[in-house]
Amino acid sequence: HQTQMGLYLREAKWQAVKDGDFSGQIVHPSVVHLSQLVGSMLWRLHRKTEVLVVSEPEELQNLLVTLEYPPDPSTLVSIYTILSWYFLWDRQLDIGRDYLTKAKDMIVLHNLQMSSQTIDPLLVLEEPDEDQKEHVTALCQRLYMDKAATMILGMPPLLGPEFDNQFKSLAVRQLDGII
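Conventions and cut-offs
Residues numbered from 1 in each chain as written. Predicted model: local features only at pLDDT ≥ 70, side-chain atom pairs only at ≥ 80, totals over all residues. Heavy atoms only, no water. Helix = DSSP H or I, 4+ residues; strand = E, 2+ residues; numbered from the N terminus. Buried < 20%, exposed > 50% of the residue type's maximum accessible area, 1.4 Å probe, protein only. Contact = heavy atoms within 4.5 Å. Areas by Shrake-Rupley, 256 points an atom, 1.4 Å probe, with all protein chains shown as cover. Core = buried A, V, L, I, M, F, W, Y, C linked by side-chain atoms within 4.5 Å. Patch = residues over 30% accessible without salt bridge, like charges linked within 9 Å, V, L, I, M, F, W, Y side chains within 5 Å. Salt bridge = Lys/Arg side-chain N within 4 Å of Asp/Glu carboxyl O. Axes fitted to C-alpha atoms, helices over the stretch in contact; angles between N-to-C directions. Parallel < 35°, antiparallel > 145°, perpendicular 65-115°, else oblique. Left-handed = near helix turned anticlockwise from the far one by under 90°. Nonpolar A, V, L, I, M, F, W, Y, C, P; charged D, E, K, R; others polar. pLDDT = per-residue confidence, 0-100. Arc of directions from axis to C-beta. 1 Å grid on protein atoms, 1.4 Å probe; cavity = no way out; pocket = protein on both sides within 12 Å on 5 of 7 lines; lining within 4 Å. Points joined across faces, edges and corners; volume = space filled by probe spheres on them.

A tally of regular secondary structure across the protein chain gives eight helices and zero strands. The order of α-helices and β-strands along the protein chain, N terminus first, is α-α-α-α-α-α-α-α. Burial statistics for the protein chain: of 179 residues in total, 42% are counted as buried. Counting contacts in the protein chain only where the partners sit at least 6 residues apart, residues at least 24 apart contribute 60% of the total. Of the roughly 10400 Å² that the protein chain leaves accessible, carbon and sulfur atoms contribute 58%.

Shown next, in the form of structure tokens:
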């Protein structure tokens, strides 16, 4: 469900998640706990049961403990965004909104941008590296969640129009690179 959740990780990190690797050597342990938490919820939803594969409250607690030593800002934005989805889906709107706010605060605190404004559009022909893919995907998913929460739940947007402009600029540069 990685695409459904809007999470992009390089292959080595995905393998560490699949292996349940909590060592932190390849992927931050919070990503493994997040995957197990959301995976359990999706398993319940797909099978229309309340039987838990893993203890979701325990996985959530483990996830929050691992965030005491947080990952890089882009990964933290992804985690907060997916946690917001988890709580919003479970109709815990206040908690879901809190995680959307935390993700936005992380973006503002670290001045995260979808792309560098200094990049020459003619150089966009190169495939972005794995770090860039993870970073841009995290920010795009956060923008998507902002739009979804506004349209579906009637929540006011947390991200300003500059993020729409960054996204539009990113899409245009990618298309220009193809032509």
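Right, let's get into the nonpolar core. If you look at the biggest cluster of nonpolar residues, it comprises 43 residues, and the most contacted ones within it are Leu63, Val77 and Leu83. Counting only elements with at least two residues in this core, the list comes to α2 (11-18), α3 (29-47), α4 (56-66), α5 (73-89), α6 (93-109), α7 (130-153) and α8 (161-178). By residue number, the principal contributor to this core is α5, which donates 10 residues. Those residues in contact with Val77 that lie beyond four places of it in its chain are Ala103, Met106, Ile107, Leu112, Ala138, Leu139 and Arg142.

Bringing a nonpolar patch on the surface into the picture now. A cluster of nonpolar side chains, namely Leu93, Met151, Ile152 and Leu153, defines an oily patch on the protein surface of about 430 Å² accessible area. Top contributing element to the nonpolar patch by residue count: α7, with three residues. Here Ile152 lies in helix α7. A relative accessible area of 67% means that Ile152 is categorised as exposed.

Moving on: the packing of α5 against α7. Interaxial distance between α5 and α7 falls to 8 Å at its minimum, and their mutual angle equals 25°. Taken as axis vectors, α5 and α7 run roughly parallel relative to one another. Seen along the crossing, α5 lies across α7 with a hand that is left-handed. Here α5 contributes Ser74, Val77, Ser78, Thr81, Ser84, Trp85 and Leu88 to the contact with α7, which in turn contributes His135, Ala138, Leu139, Gln141, Arg142, Met145 and Leu153. Residues that form the contact of α5 with α7 fall into these classes: seven nonpolar, six polar and one charged.

Another point: the confidence of the model for the protein chain. On average, residues of the protein chain score 85 in pLDDT, and 83% of them reach the 70 mark or higher. Least confident of the elements in the protein chain is helix α1 (residues 2-5), whose mean pLDDT is 63; most confident is α6, at 96.

Okay, α2 next. Within α2 the residues assigned to the buried category are Lys13, Trp14, Ala16 and Val17. In a view along the axis of α2, the buried residues occupy a sector of 160°, so they form one face of it. Across from the buried face of α2, at angles greater than 90 degrees, the exposed residues are Glu11 and Lys18. Of the residues one or two after α2, Gly20 is the one with positive phi, at around 70°.

Our next topic: empty space enclosed by the protein. Within this structure, the stated rule accounts for one cavity of 30 Å³ or more. In this structure, the largest cavity spans a volume of roughly 80 Å³. Lining the largest cavity are Leu7, Tyr8, Leu9, Val31, Leu34, Ser74, Thr75, Ser78, Ile79, Glu134 and Ala138. Elements that contribute at least two residues to the lining of the largest cavity include exactly α3, α5 and α7.

Moving on: unusual backbone geometry. Here Arg91, not a glycine, exhibits a phi torsion of approximately 65°, which is positive. Structurally, the position occupied by Arg91 is in the loop between α5 and α6. Judged by its relative accessible area of 73%, Arg91 falls in the exposed class.

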